[in-house]
Amino acid sequence: MHASSTPPLADSCDTQEQNAPQSIWELFVFFSLLALQGFGGMIAFVEKGLVQQKKWLTREEFLGDWAVARTMPGPPAINMSIMIGARYFGWRGAIASFVGVFTLPSILILALAILYDQFNHLPAVAAALRGMGAVAAGLVIATGIKLVGSLGSNVMGLRVCAVLVVITFVLAGLMGVRVAYILFSLGALACVYAYICLSRKESSR
């Protein structure tokens, strides 16, 4: 009786690491604050908030959800917020997350657009925007490097994942192929191969 009432150490660790939003209001506040931080692209802040701070997702889960969010029409960050909200609170959570991600940044963008229209001719403003662009690129690269570490547990194996990463970089970064074409061709092949790997793993048990 005593042994069965005590969960294994690994399971207890997983439970401690995995959290969930407690209310729709928490979803709204979280994504509102997250959106206000997402200058130059939100992926770095989305990953940090969902995986490291709130621990609503593991890094592997985030990578999978982000891949789905990238394949759907619209901004990936908004798609991701809708997916997370719907997962925990259904359509009400999806709406709360969407409103949180969309409302405050829209107001801020309108205000900044008005200011930019007044001061965009100043050299200092142009230089500041170029500096922000470099920082945003650094954040995206840093997040990408962190996410690569989670590929070690991917069902396709690290070598296949590394090949896919390199091919994607060459196609998108060097050859300028549209992301949609890469997702629906290379991404589709990766999905098929992952399914085959899962089937083999299940049949070998």
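For the structure itself, look to the data block above.
(A) Structural view of unusual backbone geometry. Unusually for a residue other than glycine, Lys55 sits at a positive phi of about 60°. As for its position among the elements, Lys55 is in the loop between helix 4 (43-53) and helix 5 (59-71).

(B) Summary view of the pattern of salt bridges. Summed over the entire model, instances satisfying the criterion amount to 3 salt bridges. A salt bridge links Lys54 to Glu26, with the shortest nitrogen-to-oxygen separation between them at 3.2 Å. Separated by 28 residues along the polypeptide, Lys54 in the loop between helix 4 and helix 5 and Glu26 in helix 3 (residues 24-37) bring together distant segments of the chain. With a shortest N-O distance of 3.4 Å, Glu47 and Arg59 are connected by a salt bridge. With Glu47 in helix 4 and Arg59 in helix 5, the pair connects residues that are 12 residues apart, well separated along the chain. Glu47 sits in the buried class, given a relative accessible area of 0%.

(C) The arrangement of the packing of helix 5 against helix 6 (residues 76-119) in detail. Where helix 5 meets helix 6, the axes come as close as 8 Å, and the angle between the chain directions of the two elements is 120°. By the criterion of interaxial angle, the relationship of helix 5 to helix 6 is oblique. Every pair of crossing elements has a handedness; the one defined by helix 5 and helix 6 is right-handed. Where helix 5 approaches helix 6, its residues Phe62, Asp65, Trp66, Val68, Ala69 and Arg70 are matched on the opposing element by Pro76, Ala77, Asn79, Met80, Met83, Ile84 and Arg87. Tallied by class, the residues present in the contact of helix 5 with helix 6 amount to 9 nonpolar, 1 polar and 3 charged.

(D) Spotlight on the environment of Gln22. By secondary structure assignment, the location of Gln22 is in the loop between helix 2 (9-17) and helix 3. The exposure class assigned to Gln22 is exposed, which follows from its relative accessible area of 66%. Along the chain, Gln22 and Tyr88 lie 66 residues apart, while their C-alpha atoms are 9.1 Å from each other. Here Ala20 takes part through its backbone oxygen, which lies 3.0 Å from a polar atom of the side chain of Gln22.

(E) Spotlight on the packing of aromatic side chains. Scanning the model with the defined rule gives 5 aromatic pairs in all. An angle of 10° between the planes, with centres 5.5 Å apart, marks the rings of Phe98 and Phe102 as stacked. Linking Phe98 with Phe102, this pair stays in helix 6, spanning 4 residues, or about one helical turn. For Phe102, a relative accessible area of 43% translates into the label partly exposed. Feature note: the residues Phe30, Phe31 and Trp56 constitute an aromatic cluster, connected by ring pairs.

Calculation notes
Residues numbered from 1 in each chain as written. Predicted model: local features only at pLDDT ≥ 70, side-chain atom pairs only at ≥ 80, totals over all residues. Heavy atoms only, no water. Helix = DSSP H or I, 4+ residues; strand = E, 2+ residues; numbered from the N terminus. Salt bridge = Lys/Arg side-chain N within 4 Å of Asp/Glu carboxyl O. Buried < 20%, exposed > 50% of the residue type's maximum accessible area, 1.4 Å probe, protein only. Axes fitted to C-alpha atoms, helices over the stretch in contact; angles between N-to-C directions. Parallel < 35°, antiparallel > 145°, perpendicular 65-115°, else oblique. Left-handed = near helix turned anticlockwise from the far one by under 90°. Contact = heavy atoms within 4.5 Å. Nonpolar A, V, L, I, M, F, W, Y, C, P; charged D, E, K, R; others polar. Polar contact = N/O pair within 3.5 Å; in protein donor to acceptor, adjacent residues only side chain to side chain. Phe/Tyr/Trp six-rings, centres within 6.5 Å; stacked < 30°, edge-to-face > 60°.

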